[in-house]
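Chain by chain, the residues:
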Amino acid sequence: MTLGLINANPIVHAKKERIARTEDLHGDDATTDFVRDIRDPEHPYSLEQLSVLSEESITVDEKLGRILITFTPTIQHCSMATVIGLCLRVKLMNCFPPHFKVDIKVSPGSHANEESVNKQLNDKERVAAALENPNLRQLVDECLYSNEL
Amino acid sequence: MDLFEGNLELKEIQKLEGHTDRVWSLAWNPTTGVSGIPAMLASCSGDKTVRIWQQNGHSWECKAILDETHTRTVRSCAWSPSGKLLATASFDATTAIWENVGGDFECVATLEGHENEVKSVSWNASGSLLATCSRDKSVWIWEVMPGNEFECVSVLQGHTQDVKMVQWHPNMDILFSCSYDNTIKIWAEDGDSDDWHCVQTISEANNGHSSTVWALSFNSKGDRMVTCSDDLTLKIWESDSKTTSPVGDGYAPWIHVSTLSGYHDRTIFSVHWSREGIIASGAADDAIRFFIENKDGLIDGPSYKLLLKKEKAHDMDVNSVQWISKETRLLASASDDGTIKIWELASLP
């Protein structure tokens, strides 16, 4: 077991300029605003700064009440991918009405265990159990409510 | 009464509110709802409690809240065949046994041993054995001893991922388990050696599911089984019921009969087969669907057809559907929306 960082030297990008939005509270762009400032589990940068998320990552179908998020872990073997997925799910649970269906995936080819990561991220029983785990919950909360950015 | 497509409706009788988190699972007390005994339903939830609901005339009331025992989500519950004991499986890695003493429920035993979340619990037909399963990939068989003692008689390893549900066959001591590893495993005892082993694995290679298998249920005769999955299908399986011996040359393997696909468009979490032959399924698309055997075209073997669908049965995912065990068409459903609904499958006037 390594004590070091999974990805010690991530590439950091600039934050995109914020546009004040008056309409479309739950559209794709507004949803991007909800999630792009989530802090990376390893680094004091946002998911947007590390290009884990971009504006193309999120599709919202308000009529059907469905959200699809595709994120790109910084490295192929990122063991933090499931934590990032949990953060995204909790954040969207807090921002959207409860009946919205959320699917979270890593972008195709971005992770060595793509299929198993995707399966785990969308098994709601495992998500529920993970969020009852105090250590994981703390990690998720730190990413969601970080002041480091 | 014949079941014809189009002349049935699903009538909501009552919405039961009280749980403060998603409701995961339901169980009807098998000894109630007959001979004037009011029907009794147990529900368990992410709020760490179990609630006992009882019919009072035309409505249902919460009669008891079983709390301060499980410290995490209560994932599943099951009544013993006598209706006196209720077993509850929790993410806190324990299974609790509750005794109904004149309407009060007392925790009389706590079964420990699983490494992490217990996901399902099931009593065998005689009430002498209990099975539990967990994210630790194992299935445990417990023998019910006098004085509310439970002794682990076997730990079954075989699944490669967490085990979602265990279910005993309705009249034989054969145990079925289904898993995140996409398979269904069937376990039987070796003659009189007290040793349990896997006698069949149903995987994608033999017409099985291509993703997590969440639940399974048997028809009343016990010769057919239905399974439901994250692959959005329901599958029907058949075994030669004339064979009673589960082991050796006598074991009659379960064979794929039919696949029902194209109905639910999100994960199917629950399936339950009524005594009169109606299959109910509940899914993450918030809908409940009903299927029956299609008796019209037997040339290509048995097939099943949609009888009725109820879109938006709940505001959120449907986690459990359970027919009352008696000869009425009452169904209970449980949801992420925190409610339970009692339904009647009624004929249109």
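Looking at an unreviewed UniProt entry, one finds chain B named Probable cytosolic iron-sulfur protein assembly protein CIAO1 homolog, with Macleaya cordata as its source organism. Listed under Function (unreviewed entry) in UniProt, the entry text for chain B is "Essential component of the cytosolic iron-sulfur (Fe/S) protein assembly machinery. Required for the maturation of extramitochondrial Fe/S proteins."

Entered under Sequence similarities (unreviewed entry) in the UniProt record, the comment concerning chain A runs "Belongs to the MIP18 family."

J.: Looking at this model, I keep getting lost on the side chain of B:Asp136. Mind explaining?
T.: Residues and elements named next belong to chain B. Along the chain, Asp136 falls in the loop between strand 11 (129-134) and strand 12 (139-145). Arg135 provides the closest opposite charge to the buried, salt-bridge-free Asp136, at an N-O distance of 8.8 Å. One polar contact links the side chain of Asp136 to the main-chain amide nitrogen of Glu115, over a distance of 2.9 Å. With sequence-adjacent residues up to four places away left out, Asp136 is seen in contact with His114, Glu115 and Asn116.

J.: Can you walk me through the side chain of B:Arg224 in this structure?
T.: Residues and elements named next belong to chain B. With respect to the helices and strands, Arg224 occurs in strand 19 (residues 224-229). What makes Arg224 buried here is its relative accessible area of 11%. Polar contacts involving the side chain of Arg224 include one to the side chain of Glu238, which spans 3.1 Å. A polar contact is formed between the side chain of Arg224 and the side chain of Glu293, at a distance of 3.1 Å. Those residues within four positions of Arg224 in sequence are excluded, and the remaining contacts are Ser217, Phe218, Asn219, Ile236, Trp237, Glu238, Trp254, Trp273, Glu293, Pro302 and Tyr304.

J.: Got a minute to help me understand unusual backbone geometry in this structure?
T.: Excluding glycine, residues mostly have negative phi values, and the peptide bonds linking residues are mostly trans. Residue and element names in this part refer to chain B. The residue Asn182 is not glycine, and still its phi comes out positive at about 75°. For Asn182, the position within the fold is in the loop between strand 15 (175-179) and strand 16 (184-190). Taking the relative accessible area as the measure of exposure, Asn182 reaches 17% and is therefore buried. In this model, Asn207 sits at a positive phi of 70°, which is unusual for a non-glycine residue. Within the secondary structure, Asn207 sits in the loop between strand 17 (195-202) and strand 18 (213-218). Since its relative accessible area comes to 46%, Asn207 is described here as partly exposed.

J.: Any chance you could explain the packing of helix 2 (residues 81-95) of chain A against helix 4 (residues 124-132) of chain A here in plain terms?
T.: Angle between the axes and distance between the axes are the two parameters that describe a pair of packed helices. Residue and element names in this part refer to chain A. Viewed as axis vectors pointing N to C, helix 2 and helix 4 meet at an angle of 90°, and their least axial separation amounts to 11 Å. In terms of axis orientation, helix 2 runs roughly perpendicular to helix 4. On helix 4, the residues that touch Leu86, Arg89 and Val90 of helix 2 are Val127, Ala130 and Leu131. Its residues assigned to classes, the contact of helix 2 with helix 4 comprises 5 nonpolar, no polar and 1 charged.

J.: I would appreciate a short explanation of the packing of aromatic side chains in the present structure.
T.: Aromatic rings considered in pairs are described by the distance between their centres and by the relative angle of their planes. Under the criterion given, the structure shown has 12 aromatic pairs over all chains. Ring centres of B:Phe176 and B:Trp254 lie 5.5 Å apart, and the angle between their planes is 90°; on these two criteria the pair is classed as edge-to-face. Of this pair, B:Phe176 sits in strand 15 while B:Trp254 sits in the loop between strand 20 (234-238) and strand 21 (255-260); the two residues are 78 residues apart in sequence, bridging distant segments of the chain. Across this residue pair, the class does not change: B:Phe176 and B:Trp254 are buried. Counting every residue linked through ring pairs, the aromatic cluster contains B:Phe176, B:Phe218 and B:Trp254. The aromatic ring of B:Tyr180 is capped on one face by A:Lys119, whose charged end is 4.5 Å from the ring centroid. Above the ring of B:Tyr180, the side-chain terminus of A:Arg126 is found at 4.2 Å from the ring centroid.

J.: Explain the interface of chain B and chain A to me, please; I cannot follow it from the model alone.
T.: Accessible area lost on assembly of the parts is the figure often given for the size of an interface. Residue-level contacts link 27 residues of chain B with 17 residues of chain A. Summed over both partners, the interface of chain B with chain A comes to about 1700 Å²; 42% of that surface belongs to carbon and sulfur atoms. Taken together, chain B and chain A are joined by 12 salt bridges. Across the pair A:Glu132 and B:Arg72 runs a salt bridge, and its minimum N-O distance is 2.7 Å. Taken together, the residues that form the side of chain B that touches chain A break down as 7 nonpolar, 7 polar and 13 charged.

J.: Just to check I follow, could you spell out the sheet that holds strand 13 (residues 149-156) of chain B for this structure?
T.: All names here are of chain B. Strand order in the open sheet formed by 4 strands is 10-11-12-13, with antiparallel pairing between adjacent strands. Two strands close off the open sheet at either side, each with one partner strand: strand 10 (118-123) and strand 13. In this sheet, neighbouring strand axes are inclined to one another by 25° on average, regardless of whether the strands run parallel or antiparallel. Inspection of the sheet shows strand 10 paired to strand 11 by 5 bridges, in the antiparallel sense. In the sheet register, Val121 faces strand 11, and the bridge partner there is Thr132.

Reading the values: rules and limits
Residues numbered from 1 in each chain as written. Chains lettered and ligands numbered in written order. Predicted model: local features only at pLDDT ≥ 70, side-chain atom pairs only at ≥ 80, totals over all residues. Heavy atoms only, no water. UniProt positions renumbered as here; feature names shortened; annotations may be inferred. Helix = DSSP H or I, 4+ residues; strand = E, 2+ residues; numbered from the N terminus. Buried < 20%, exposed > 50% of the residue type's maximum accessible area, 1.4 Å probe, protein only. Lys, Arg positive; Asp, Glu negative; His and termini not counted. Salt bridge = Lys/Arg side-chain N within 4 Å of Asp/Glu carboxyl O. Polar contact = N/O pair within 3.5 Å; in protein donor to acceptor, adjacent residues only side chain to side chain. Contact = heavy atoms within 4.5 Å. Axes fitted to C-alpha atoms, helices over the stretch in contact; angles between N-to-C directions. Parallel < 35°, antiparallel > 145°, perpendicular 65-115°, else oblique. Nonpolar A, V, L, I, M, F, W, Y, C, P; charged D, E, K, R; others polar. Phe/Tyr/Trp six-rings, centres within 6.5 Å; stacked < 30°, edge-to-face > 60°. Lys NZ or Arg CZ within 6 Å of the ring centre and 35° of its normal. Buried area = accessible area lost by both parts, 1.4 Å probe. Pairing = 2+ DSSP bridges.

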